[in-house]
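Survey of secondary and tertiary structure
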Amino acid sequence: MTILIVAGILGFIMAFSIGANDVANSMATAVGAKAITVRQASIIAMFLEFLGAVMFGSHVSQTIVKGIVEVEKVQPVELMYGALSALIAASLWILIATNWGYPVSTTHSIVGGMIGFGLVAVGIDGVNWKTFLFIVLSWVVSPVLGGLISFVMFKLISLSVFHTKNPKKSSTVAIPFFISLAVFTMISLFVKKTLKQPLSESFLLGIAFSLVTFFVVHFAVRKLINEKKDVYEAVEDVFKRAQILTSCYVSFSHGANDVANAAGPVAAVMIVASTGVVPKTVEIPFLALLLGGIGISLGVFFLGQRVMETVGEKITTLTNSRGFTVDFSTATTVLLASSLGLPISTTHVVVRAVTGVGFARGLEMVNVGVLKNIVISWLLIVPTVAATSAAVYWVLKLILKF
Amino acid sequence: MKFIEKMLPEESPIDLLINLSRRGEAVVVLLKDAIEDYFTGKFGEGHLNRVISLERESDEIKLKLKKMYLKMKYTYFEKDDFLYIVHKADEILDLVRDIVIMLDMNRVEDVPENIKELFAELVENVLDTIRETTEAIEQLRTLAESGFSPFEKEKEEREIFDVSMEEREVDTISRNLGKKLYSLKNSMNPVDLIFLNKVARLISKIADQGKDITKRINSILR
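Cut-offs and rules
Residues numbered from 1 in each chain as written. Chains lettered and ligands numbered in written order. Predicted model: local features only at pLDDT ≥ 70, side-chain atom pairs only at ≥ 80, totals over all residues. Heavy atoms only, no water. Helix = DSSP H or I, 4+ residues; strand = E, 2+ residues; numbered from the N terminus. Buried < 20%, exposed > 50% of the residue type's maximum accessible area, 1.4 Å probe, protein only. Contact = heavy atoms within 4.5 Å. Areas by Shrake-Rupley, 256 points an atom, 1.4 Å probe, with all protein chains shown as cover. Lys, Arg positive; Asp, Glu negative; His and termini not counted. Charge placed at Lys NZ, Arg CZ, Asp CG, Glu CD. Salt bridge = Lys/Arg side-chain N within 4 Å of Asp/Glu carboxyl O. Expected span 1.5 Å × (residues − 1). Polar contact = N/O pair within 3.5 Å; in protein donor to acceptor, adjacent residues only side chain to side chain. Axes fitted to C-alpha atoms, helices over the stretch in contact; angles between N-to-C directions. Parallel < 35°, antiparallel > 145°, perpendicular 65-115°, else oblique. Left-handed = near helix turned anticlockwise from the far one by under 90°. Nonpolar A, V, L, I, M, F, W, Y, C, P; charged D, E, K, R; others polar. pLDDT = per-residue confidence, 0-100. Buried area = accessible area lost by both parts, 1.4 Å probe. Phe/Tyr/Trp six-rings, centres within 6.5 Å; stacked < 30°, edge-to-face > 60°. Lys NZ or Arg CZ within 6 Å of the ring centre and 35° of its normal.

**Observations regarding the overall build of chain B**
Check the secondary structure of chain B and you find 7 helices and 0 strands. Along its sequence from the N terminus, chain B presents helices and strands in the succession α-α-α-α-α-α-α. C-alpha extents for chain B along the principal axes are approximately 75 × 35 × 20 Å. Here chain B holds 222 residues, and the buried ones make up 53% of them. Long-range pairs, those at least 24 residues apart, make up 86% of the contacts in chain B with a sequence separation of at least 6. Of the roughly 10,400 Å² of accessible surface on chain B, 46% is carried by carbon and sulfur atoms. In chain B, 36 positive and 45 negative side-chain charges are present, and the distance between their average locations comes to 4 Å.

Structure follows, in structure tokens:
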């Protein structure tokens, strides 16, 4: 029971920290482009992060519990304390890094933590290197994909709206199309991956929901587009409203992926503490996702707003059509990764999505030097947290003699 | 993680350029007052100080923009094009400063009324050219943000055309002024005559900067 409480508290702190720091990055584009206020952003984030966490969070959490460490090779009790060590090490380093002002990813930290314990508990064979390699590959592929989607999407928006004879009229089709595409992705992935329904059903439901969305948004845009006389201003104004929807999409996707960083290790402890075994198919306890979801929401409410304000204030050069592109690309990439059970860094995807728009000459200028910092940050944090987690696990084993 | 805020410039380069060109416009307004006051004998240090203060501010903006373009990538405009426009916008302030310094050096008395009127007309038209240039620069933002949409391109082309028309008008007035001045060679002090002609030429050179800016904008559009 004590270990369950300790894991719960640590998981909650981790989720709270995600809500306080990471959410700001995913919502900053909307706040910076003045599509939503900080207050609106935090309300959206609180609800949608929670929804994403409980509806989609189990896939990535399963990877954290069973994908990284070869659980067949460890005793259930070892997995329980191992998950706790990973949580302690990751929380510790996130706290230290935040205090020093260094950017670290919670995703990379928790993955590093699980590896560290696996190495000490079993040795080199304790880590599922194939899955780990796949995760590392996803850390490279996901930002590239985010960048590619945003590049293509910006070009598409440019061609289908701004470069037409009547941009106002064109936006009544293009904007609903992109939003219904987001709805299609969310619904079909949810039906297929979470409700575990056949592909055909997920597609049909996705199409049905996206068609309804298309017509609703189409009529709303038609009404809005004539409110402003200037063509460019009118189109940007519609993108501004549309960004409210893409912000929801980003929050939902972020919650779906990042809740695992907190809920994964807690779930491992919960499963072992309640059953005493590690079942072949791990079902993530709803309580773990709930805890993670609530933690993120409270983190957003209590501290996230201030971070959003600071970040949002500094990215004022982003227009609404660009913000819309960045949000859409990020959310789609993160949601796809979540449905594949891949723990990725939302921030890295956002950064690449911004670069993608910049590469399409959609931004005033981009500081690409930041990309170097990203690589350095994850090259450093994974081994650091792994070593700390290994040390914590070793100490726990020595004291508790399990 | 604070990656996003580091990726994008804190201040918009186009906003800074617009600020620079508005300072150019403001300094030409000061020049208009300075010329009026010069011919009525009210010209003084105050004119010079206000111009120099604006010119210093513009130098700071120019430096900031140069630094930004050195550090960042994937810009709306090619570095050479953008910095050329910045340089030319700054040149407007430098020219006005030079003119005001000249006016401070030499006082010409008993200037004929028709010459005074032509000077006033010349400055007024230069001001119109610079105002149109500022509008063309402001339109650059919408043009870039719309991904160089044909609709916004057309608007920009109209602005460019307006600047070229104004600048042509300035040239005509400047030529007339020169002719009128040299027609006074037998009655006016030759040093004063050359001095006034030089001032007139420098004033018309301000409009040339506007024309150069819009010419470069035109090449960006192609």
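**Remarks on the pattern of salt bridges**
Residues and elements named next belong to chain B. Evaluation of the coordinates by the stated rule reveals 22 salt bridges over all chains. The residue Glu-113 makes a salt bridge to Lys-116 at a minimum N-O spacing of 3.3 Å. With Glu-113 and Lys-116 both in helix H5 (residues 113-145) and 3 residues apart, this pair spans about one turn of that helix. Among the ionic contacts, a cluster of salt bridges with common partners joins Glu-55, Asp-94, Arg-97 and Asp-98.

**As for helix H4 (residues 106-121) of chain A**
Residues and elements named next belong to chain A. Taking 1.5 Å per residue as the helical rise, H4 with its 16 residues ought to reach 22 Å, and the 23 Å between its terminal C-alpha atoms agrees with that figure. With 14 of its 16 residues buried, H4 lies for the most part within the structure. Where H4 begins, one side-chain oxygen reaches toward the backbone nitrogen of Thr-107, 3.1 Å away; that side chain belongs to Ser-105. Positive phi shows up at Gly-123, right after H4, with a value of about 110°.

**Details of the packing of helix H3 (residues 76-100) of chain A against helix H12 (residues 369-400) of chain A**
All names here are of chain A. Following both chains from N to C, one finds H3 and H12 inclined at 130°, their axes separated by 8 Å at the closest point. When the axes of H3 and H12 are compared, the pair comes out oblique. Both H3 and H12 take part in a crossing whose hand is right-handed. Between H3 and H12, the residues in contact are Glu-78, Tyr-81, Gly-82, Leu-84, Ser-85, Ala-86, Ile-88, Ala-89, Ala-90, Leu-92 and Trp-93 and Ile-381, Thr-384, Val-385, Thr-388, Ser-389, Val-392, Tyr-393, Leu-396, Lys-397 and Leu-400, respectively. Taken together, the residues of the contact of H3 with H12 sort by class into 14 nonpolar, 5 polar and 2 charged.

**Quick look at the confidence of the model for chain B**
Residue-level pLDDT values for chain B average 93, and 99% of them are 70 or greater. As a predicted assembly, this complex carries a pTM of 0.86 together with an ipTM value of 0.78.

**Thoughts on the interface of chain B and chain A**
Between chain B and chain A, the contact holds 35 residues from the first and 38 residues from the second. For the pair chain B and chain A, the two sides together bury roughly 3,700 Å², of which 64% comes from carbon and sulfur. At the boundary of chain B with chain A, the tally comes to 2 salt bridges. Between Glu-78 of chain B and Arg-361 of chain A there is a salt bridge, with the nearest N and O atoms lying 3.6 Å from each other. Applying the counting rule to chain B against chain A returns 12 residue pairs in polar contact (both at pLDDT 80 or more). Of all the secondary structure elements, the ones that give two or more residues to the side of chain B that touches chain A are helix H1 (3-7), helix H2 (13-39), helix H3 (45-71), H5 and helix H6 (150-182) of chain B. When residues of the side of chain B that touches chain A are assigned to their parent elements, the largest contribution, 5 residues, is made by H1 of chain B.

**Overview of unusual backbone geometry**
Its identity as a non-glycine residue notwithstanding, Arg-361 of chain A has a phi of 60°, on the positive side. The topology assignment puts Arg-361 of chain A in the loop between helix H11 (346-359) and H12. Here the phi dihedral of Asp-110 of chain B falls at roughly 55°; this positive angle occurs in a residue that is not glycine. By secondary structure assignment, the location of Asp-110 of chain B is in the loop between helix H4 (79-105) and H5. For Asp-110 of chain B, a relative accessible area of 75% gives the class exposed.

**Some details on the packing of aromatic side chains**
The final tally for this structure, using the stated rule, is 24 aromatic pairs over all chains. Seen in terms of ring centroids, Phe-117 of chain A and Tyr-393 of chain A are 5.3 Å apart; in terms of plane orientation they differ by 55°. Their pairing is tilted. With Phe-117 of chain A in helix H4 and Tyr-393 of chain A in helix H12, this residue pair connects regions lying 276 residues apart in the sequence. An identical accessibility class is assigned to Phe-117 of chain A and Tyr-393 of chain A; each is buried. Geometrically, the ring pair formed by Phe-178 of chain A and Phe-324 of chain A is edge-to-face, given 6.4 Å between the ring centres and 70° between the ring planes. Highlighted residues: Phe-178 of chain A in helix H6 (residues 167-194) and Phe-324 of chain A in helix H10 (residues 320-339), separated in sequence by 146 residues. You'll find Phe-178 of chain A and Phe-324 of chain A in the same group, each marked buried. Three or more aromatic residues joined by ring pairs form one cluster here, namely Phe-162, Phe-177, Phe-178, Tyr-232, Phe-239, Tyr-249, Phe-324 and Phe-328 of chain A. Looking at Arg-216 of chain B, its charged tip hangs above the ring of Tyr-84 of chain B, at a distance of 4.0 Å from the centre.

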